[in-house]
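Spelled out, the chains give:
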Amino acid sequence: LRDFPSRKITTEHGSLPQGLTVRLALHRQLATGELDLGEAARFFPSDAALARWRASARAGRADIVYE
C-alpha cells in the first residue's frame, strides 16, 4: 500500500480519493473469513501494484474485483 498510494483529485466538491480499497479473503484449515482494510488502505491500481500483490499472495491469488 505504501508503494502504490491512492491519488487525490480536487473538484468543486472537494478532494476525492482515486484508488481501490483492499479486502482480503483468508482461508485457514478450520476457518475462513474476509478482512476489509477500509478507506485508509486505498491503493492506486496498476500492473506493477497487482504484480506485487500476486507475488505476496498464496498461490499468486490476487484479483481486482469491481462491484
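Owing to the predicted nature of the structure, the values given are computational and were not obtained by experimental measurement.

(A) Focus on the packing of aromatic side chains. Under the criterion given, the structure shown has one aromatic pair. Plain terms: the ring middles of Phe43 and Trp53 are 5.8 Å apart, the flat faces sit at 50° to each other, and that makes the pair tilted. Of this pair, Phe43 sits in the loop between strand 4 (32-36) and helix 1 (47-56) while Trp53 sits in helix 1; the two residues are 10 residues apart in sequence, bridging distant segments of the chain. Assessed through its relative accessible area of 27%, Trp53 is described here as partly exposed. A cation over an aromatic ring shows up here: Arg7 above the ring of Phe44, its NZ or CZ 3.6 Å from the ring centre.

(B) Examining the side chain of Arg42 more closely. Within the fold, Arg42 resides in the loop between strand 4 and helix 1. Of note is the side chain of Arg42, whose polar atom sits 2.4 Å from the backbone oxygen of Gly19. One polar contact links Arg42 to Glu39, side chain to side chain, over a distance of 2.7 Å.

(C) Spatial organisation of the pattern of salt bridges. The tally for this structure, following the rule as stated, stands at three salt bridges. Between Arg52 and Asp3 there is a salt bridge; the shortest N-O distance is 2.5 Å. Residue Arg52 is found in helix 1, and its partner Asp3 is found in the segment before strand 1 (7-11); the two are separated by 49 residues along the sequence. Of the charged contacts, one joins Arg42 and Glu39 as a salt bridge, the two residues approaching to 2.7 Å between their closest N and O atoms. Judged by relative accessible area, Glu39 falls into the exposed class, the value being 53%.

(D) Quick peek at the environment of Arg7. As for its placement among the helices and strands, Arg7 is situated in strand 1. Classification of Arg7 as partly exposed rests on a relative accessible area of 47%. C-alpha separation for the pair Arg7 and Ala59, spaced 52 residues apart in sequence, amounts to 29 Å. In this structure Arg7 touches Leu16, Pro17, Gln18 and Phe44, once residues within four positions along its chain are discounted.

(E) Local environment of the pairing of strand 1. With five bridges joining them, strand 1 and strand 2 (residues 14-18) adopt antiparallel strand pairing. Each bridged residue has a counterpart across the sheet, and for Thr10 the counterpart in strand 2 is Ser15. Between strand 1 and strand 2, which follow one another and run antiparallel, lie two residues.

Reading guide: rules and limits
- Residues numbered from 1 in each chain as written.
- Predicted model: local features only at pLDDT ≥ 70, side-chain atom pairs only at ≥ 80, totals over all residues.
- Heavy atoms only, no water.
- Phe/Tyr/Trp six-rings, centres within 6.5 Å; stacked < 30°, edge-to-face > 60°.
- Helix = DSSP H or I, 4+ residues; strand = E, 2+ residues; numbered from the N terminus.
- Buried < 20%, exposed > 50% of the residue type's maximum accessible area, 1.4 Å probe, protein only.
- Lys NZ or Arg CZ within 6 Å of the ring centre and 35° of its normal.
- Polar contact = N/O pair within 3.5 Å; in protein donor to acceptor, adjacent residues only side chain to side chain.
- Salt bridge = Lys/Arg side-chain N within 4 Å of Asp/Glu carboxyl O.
- Contact = heavy atoms within 4.5 Å.
- Pairing = 2+ DSSP bridges.

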